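Structural description and commentary
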Amino acid sequence: MNLQHLYGLIFLFLSLNVFGQSQEDKIYNAVDRFVTHPSAKALQNLRNLESDFWKSAKPKTKDELLAIVILNCNKAYYENQFGQTLEAVKSYEKAWMIYQKNKLKNYDIVEFCLKPLGNLYTILGDYKNAENIIKQYYFIANEEKNENQKVAAILNLSNVYQNSGKVREAIDLIEKTLGSEKITSPQKGLLLNNLGVNYLLRNINEDFSDAENAFLKAIPLLQKDKAYAENLYNTYINLYRIKTAFHSKEAAMYFAKATTIFEKLPQQEPRKKAQFYLEKAFLLLKQNSLDKAQAELQTAFKILLPNYKNQKNILPDQNTLYAETVLLDALDLQAEIYIAQNESKKALKSFSLSFYIEELFQSLLVYEDSKIITQIRNRNRTEKCLEIYKSLFETEKKQSYIEEAFKLAEHTKSVVLKDHLKNAASLPREQKLILQQMQNWNTIIVKEQQKLELAAISKINEAIQKQNNLMLLFKSNEEKYNQKSQTSFDLQKLYAKLQKDDAILYEYFWGSKTIHLFVIKNNRVALKSICIGQMCGEPIISFISHFIKPETIINDIEYYQKTAFSAHKNLLLPAKSDSQNLIIIPDGLLNFLPFEALITIKEKTTNFAKMHYLLNDFDISYNNSAELYLNNNALSKDKKNILGIFPIFDKTNYALRFSKNELESIQHNFDGQFFVNENATFANFKNNTAGKSIIHLSTHASSGDFEVPASIKFYDQEILFSELYNLQLNPDLVVLSACQTGIGKMYKSEGAMSIARGFQFAGAQNLMFSLWNVNDYTTSVYMDYFYKEIKHNVSFVKASANAKRAFLKAESIPNAKKSPYYWSAFVYYGSVEEASKPTNYIWYIISFLAVIGLFLGFNQYRNGKSSQNSQNREL
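Residues numbered from 1 in each chain as written. Predicted model: local features only at pLDDT ≥ 70, side-chain atom pairs only at ≥ 80, totals over all residues. Heavy atoms only, no water.

Notes on the overall build of the protein chain
A tally of regular secondary structure across the protein chain gives 34 helices and 18 strands. Expressed as a percentage of its 875 residues, the buried residues of the protein chain come to 53%. For the protein chain, contacts bridging at least 24 residues in sequence account for 70% of all contacts bridging at least 6. Only carbon and sulfur atoms are counted for the fraction: they give 52% of the accessible area of the protein chain, which is about 42200 Å². The averaged location of the 92 negative side-chain charges in the protein chain is 2 Å from the averaged location of its 104 positive side-chain charges. (Helix = DSSP H or I, 4+ residues; strand = E, 2+ residues; numbered from the N terminus. Buried < 20%, exposed > 50% of the residue type's maximum accessible area, 1.4 Å probe, protein only. Contact = heavy atoms within 4.5 Å. Areas by Shrake-Rupley, 256 points an atom, 1.4 Å probe, with all protein chains shown as cover. Lys, Arg positive; Asp, Glu negative; His and termini not counted. Charge placed at Lys NZ, Arg CZ, Asp CG, Glu CD.)

Describing unusual backbone geometry
Positioned with a positive phi, Lys-103 is a non-glycine residue whose angle comes to about 50°. By secondary structure assignment, the location of Lys-103 is in the loop between α5 (85-101) and α6 (109-123). One non-glycine residue, Lys-651, lies in the positive phi region at around 60°. On the basis of relative accessibility, which here comes to 88%, the residue Lys-651 falls in the exposed class.

Describing helix α18 (residues 368-396)
In this model, α18 (29 residues) spans 40 Å end to end at C-alpha, consistent with the 42 Å of a helix rising 1.5 Å per residue. In the stretch just after α18, Lys-397 is the one whose phi turns positive, near 60°. (Expected span 1.5 Å × (residues − 1).)

Concerning the packing of aromatic side chains
Tallied over the full model, the rule gives 44 aromatic pairs. Summarising the aromatic geometry, the rings of Phe-276 and Tyr-277 are spaced 5.3 Å apart at their centres and angled 75° between planes, so their arrangement reads as edge-to-face. The class for Phe-276 is buried, based on a relative accessible area of 3%. Residue class for Tyr-277 comes out partly exposed when judged on its relative accessible area of 23%. Seen in terms of ring centroids, Phe-658 and Tyr-777 are 5.3 Å apart; in terms of plane orientation they differ by 65°. Their pairing is edge-to-face. Of this pair, Phe-658 sits in the loop between β8 (641-646) and α28 (659-669) while Tyr-777 is found in helix α31 (residues 776-791), placing the two residues 119 residues apart along the sequence. We classify Tyr-777 as partly exposed; its relative accessible area is 28%. (Phe/Tyr/Trp six-rings, centres within 6.5 Å; stacked < 30°, edge-to-face > 60°.)

See the structure below:
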């Protein structure tokens, strides 16, 4: 047999075994070979095979598509094992999209795709996506009566609730499940361990006894089956953390037990290995063994970063970092070690790398909830950095430290709102439509959930599925459209704007132990600290508590003056100065504080009009951040044109009798389009906002609570604050003349999830809204004064301040109704720019015609003189 004939036989053999295979067989064989010998190179072979599959113009069968689903699930599993978390998420998402879109069957999509995908979302801080995926596979498991998968869903959902601040929901979920008769002993152990973590997070008066008891009960249940060794390890780690918090010697014992289990576990994925060394480093830091802690931490860096080597500067290169929570924790711990070593500047560098990873996380997130939670995590780190910058300034007296501290604090302010507004200006129309549809489905979910026991689970699941599909579509398009860019804050521009606006800026950062205050005036930033807590007398909280009920101030006017004066002093506010405007950037509870009503000078009087308020010294404007103040659009120069929404609710329990007075006052002063009673519908509102310089809503609103979102009432329906997001508004001013329009679930980093926020998301930059329940009569009086000021073309901030001053001076208003409860409820957020006088086109036309007339007359006169002169020269 010659060589050529041998080659022919080999080719025939290969053809029969390879080219004769069906497409799905090729895929399954490739997956089998990969699973037998997984490696980074073999991963790339799978990617190439899939790429060739999609390039082929041949129609795809369901069997082939299922093979691609299985390929992606296996690929994702090993991508995660190799530390390629983001690639793993993409592969799982692709598998789920294909599986749903083509209605495939005969594969355990829950076990091999949805469970790990939900876990990865949780790891990445994408809690909304995690919750949606988990609820979807719980629904599937419930229909298929798969108890193991149902328990897994409950545990994973509890993890999501833990990480997103919903600890009460997590506890309720686990306690309810523990009461079930269908769970096995190991499952009970898993649930008890999870419950213990929830109790730890609840942390009532630092009493961890409930948590410790839950962990101790879990141990014998988990010891029964070696399959739960990793969970047993986690239980010992949790006990070690409790004992570490109390500096107990038992901490080392529990960690030793955890170590013994960990060393016997089969091959661990990199992040879990790194987490173990991170725990060791943390324990050593607590024991003040800094060198040993550093060595363990560097081991964690080596595991997480393949190119990391022992180096003198220790910190990894920024270009090697990626979105990974364990890596984030490692860098934060490295900063803590530097602080313990009195290496403050190095600690700042380590924290800066943590901030960089947080930016990576933020870029991956789609849902508002998840983005806000990420920012809360960022705030804790920011607070530590502010303390370092302040200490460095006190030592070295370099102004640059204070400026950097301000920029860092400012970067945490309303990040999600600012990001949304930038996207609204730059996102392609296709992506905007997807986000709008996602928001619509979210509204359906929220409103159905509010029905509690009457809620239709199938309807919720369908909405979650639709929302999830849109999210996957949005993310698949995002890489194509990704144009994100970071811009640094320009302090010089801020200085120039404040000077132009004749303003001082006070920006607060409410920390865990102190409030940091940045004062910007005369082209300089100053940083001050404000004491909070019981040791400081809590004057801020005492002052805010006066506005819960209208009678509180009236019942003890002297005490009101005392707390209002103490709060003013505590907040380090300025004395009356040459500057006319005071701009407040509040934070935390300060979002609910009416600064105008603070007392600057103690007076022995019960006459509210004679008290000396901060209102007497400044026109006060608020804003969410200095950046939003700096970039506020110029006001229009057109004649004021108002859209008024006045449901009034005549002959109902919701009737607003004095809302009619408000309407008549505005109509008397301005032209506009006004919808009253049954015409004040949401549709009429939406369809008539274009071209209006002022939008005024006089109605009912609610701040909601921890479960129910804030809402505003039109004649035909009640609208959630998030339903306003999809509107595209660009008025000069929005006036929300209703109760609690600035109140909602509070996040320190982002502010209140209020009706006002809904309008800000929709594009409104200047707003007036309320901080508590407002009185129908006094509101109508205040609005009358406000719009009379607006008619004289003063700035919105001055109109607001002057209206309050006029209210206090009015002889027709009794002293009881001049309580700050009635006049300080409305606050103005936005520009302090003077309103431009409207362009009078008729005047321009008359002037233009007059100029033409003068020109023609002068021209005729000149021609006559020229004729005379010519005649004179001819003589």
